[in-house]
Amino acid sequence: MSSSDAGKRAAAYAAVSAHVTRDGMRLGIGSGSTVVFVVEALRALAASRGWRFVCVPTSFQSRALVSAGAPALALAELSEAFELDVCIDGADEVCVPSLAAVKGGGGCQAQEKAVASAAAEFVIVADDRKRVRGGLCAPGGAWGRGLPLEVLPAAHALVARRVVRELGAAAAPLRMSRDKAGPVVTDNGNLLLDARWPAALDDAAATDAALLALPGLVETGLFVRMAAVAYFGADDGAVTRVRAGGAEEAVPPPAAAAAH
Ligand code: A5P
């Protein structure tokens, strides 16, 4: 396990221990490498207590993770379980203490944002390299790959041009596949732009609103005023909990996480 995996795992177990507290809870399951540990923690919790959970996935990957956890994890669709108790997801960069976040490094932000919005509580889990104190998407910052934008295939060039000309981005290249000729295609059949600005985004809410007003843009990777709490795991397994706009505290590791 890499050192960042140790932090991701510790954060995932701490979040599951604190927020998944009863049998039958309806959960949103995010996407990405940290969520692998969230599902591992859910399966361990279900096995130890004899509990079952209803799980709404946010991607092809997350659906597979949930399916592998049956019958303790019951797969459900957003259309049939649209009032969720908790959604737990990773992030690419998280601003402390606002908890505004960048997501979409794995290209899943459209479903992730819809599922997160359906939950009474949205919880972020991340290794502590992801936390930043200034604006999001700073050049040379924690997340240097640009803001992920999902766009309709027919509109990718139009949106890219407008993001540069009208919204001040330095560039908004199409995300290309490394293992197939051509662009990355999302789970929704769309394409991705990774928009880079010359400076950090000081007003993420305003940037998000301006982007969402562009016809052809499906969803941004900016998650503003969504997360209630974030868990950051360090390489040594120490976990810090940050509540949106407020307190920061150390969290003792749950016994199941410490056992690995
Ligand atoms: C998926 O598109 C993303 O939003 C992920 O949630 C985010 O990139 C975090 O991924 P990792 O947990 O792999 O860092």
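Residues numbered from 1 in each chain as written. Predicted model: local features only at pLDDT ≥ 70, side-chain atom pairs only at ≥ 80, totals over all residues. Heavy atoms only, no water.

1. A few points about helix 2 (residues 33–49)
- Its 17 residues place the ends of helix 2 25 Å apart at the C-alpha level, agreeing with the 24 Å of an ideal helix rising 1.5 Å per residue.
- Residues Thr 34, Val 35, Phe 37, Val 38, Val 39, Ala 41, Leu 42, Leu 45 and Ala 46 constitute the buried set of helix 2.
- Phi turns positive, to about 75°, at Gly 50, one or two residues after helix 2. (Helix = DSSP H or I, 4+ residues; strand = E, 2+ residues; numbered from the N terminus. Expected span 1.5 Å × (residues − 1). Buried < 20%, exposed > 50% of the residue type's maximum accessible area, 1.4 Å probe, protein only.)

2. What about the site of the ligand?
- Lining the immediate environment of the ligand, one finds 16 residues, of which Ser 33, Thr 34, Asp 92, Lys 103 and Glu 112 sit closest.
- Thr 34 is positioned with one of its side-chain polar atoms (N or O) 2.6 Å from an oxygen atom of the ligand.
- With respect to the ligand, the side chain of Lys 130 contributes an N or O atom lying 2.8 Å from an oxygen atom.
- Across the shell around the ligand, the residue classes tally to two nonpolar, nine polar and five charged. (Near = heavy atom within 4 Å. Polar contact = N/O pair within 3.5 Å; in protein donor to acceptor, adjacent residues only side chain to side chain. Nonpolar A, V, L, I, M, F, W, Y, C, P; charged D, E, K, R; others polar.)

3. Looking at the sheet that holds strand 8 (residues 131–132)
- Spatially, the four strands line up as an open sheet ordered 8-5-6-12, and their pairing is mixed. Across the chains shown, the open sheet's two edge strands, defined by having one partner strand only, are strand 8 and strand 12 (222–223).
- Here strand 5 (residues 93–95) runs beside strand 6 (residues 101–102); their pairing, made up of two bridges, is antiparallel. Paired with Glu 93 across the strands is Val 102, a residue of strand 6. (Pairing = 2+ DSSP bridges.)

4. What to know about the nonpolar core
- One finds Val 20, Leu 27, Leu 42, Phe 53, Ile 88 and Tyr 231 to be the most contacted residues of the largest nonpolar core, which totals 34 residues.
- Contributions of two or more residues to this core are made by helix 1 (3–19), strand 1 (26–29), helix 2, strand 2 (53–57), helix 3 (60–68), strand 4 (84–89), strand 7 (119–127) and strand 13 (229–233).
- No other element matches helix 2, which puts eight residues into this core.
- In this structure, Leu 136, Trp 143, Val 163 and Ala 204 belong to the second largest nonpolar core, which totals 26 residues. (Core = buried A, V, L, I, M, F, W, Y, C linked by side-chain atoms within 4.5 Å.)

5. Digging into the pattern of salt bridges
- Inspection of every chain in the model, using the stated rule, returns 17 salt bridges.
- Its salt-bridge partner being Glu 40, residue Arg 9 comes within 2.7 Å of it at the nearest N-O pair. Note that Arg 9 is positioned in helix 1 and Glu 40 in helix 2, a separation of 31 residues in sequence.
- Residue Arg 9 is classed as buried on the basis of its relative accessible area of 5%.
- Glu 40 sits in the partly exposed class, given a relative accessible area of 28%.
- Glu 248 is paired through a salt bridge with Arg 133; the nearest N and O atoms lie 3.6 Å apart. Here the residue Glu 248 occupies a position in strand 15 (residues 248–251), and Arg 133 occupies one in the loop between strand 8 and strand 9 (147–151), the gap between them amounting to 115 residues.
- On the accessibility criterion, Glu 248 (40% relative accessible area) is partly exposed.
- A cluster of three or more residues bridged by salt bridges with shared partners is formed by Asp 127, Arg 129, Lys 130 and Asp 235. (Salt bridge = Lys/Arg side-chain N within 4 Å of Asp/Glu carboxyl O.)

By themselves, these are just geometric observations and shouldn't be taken as functional.
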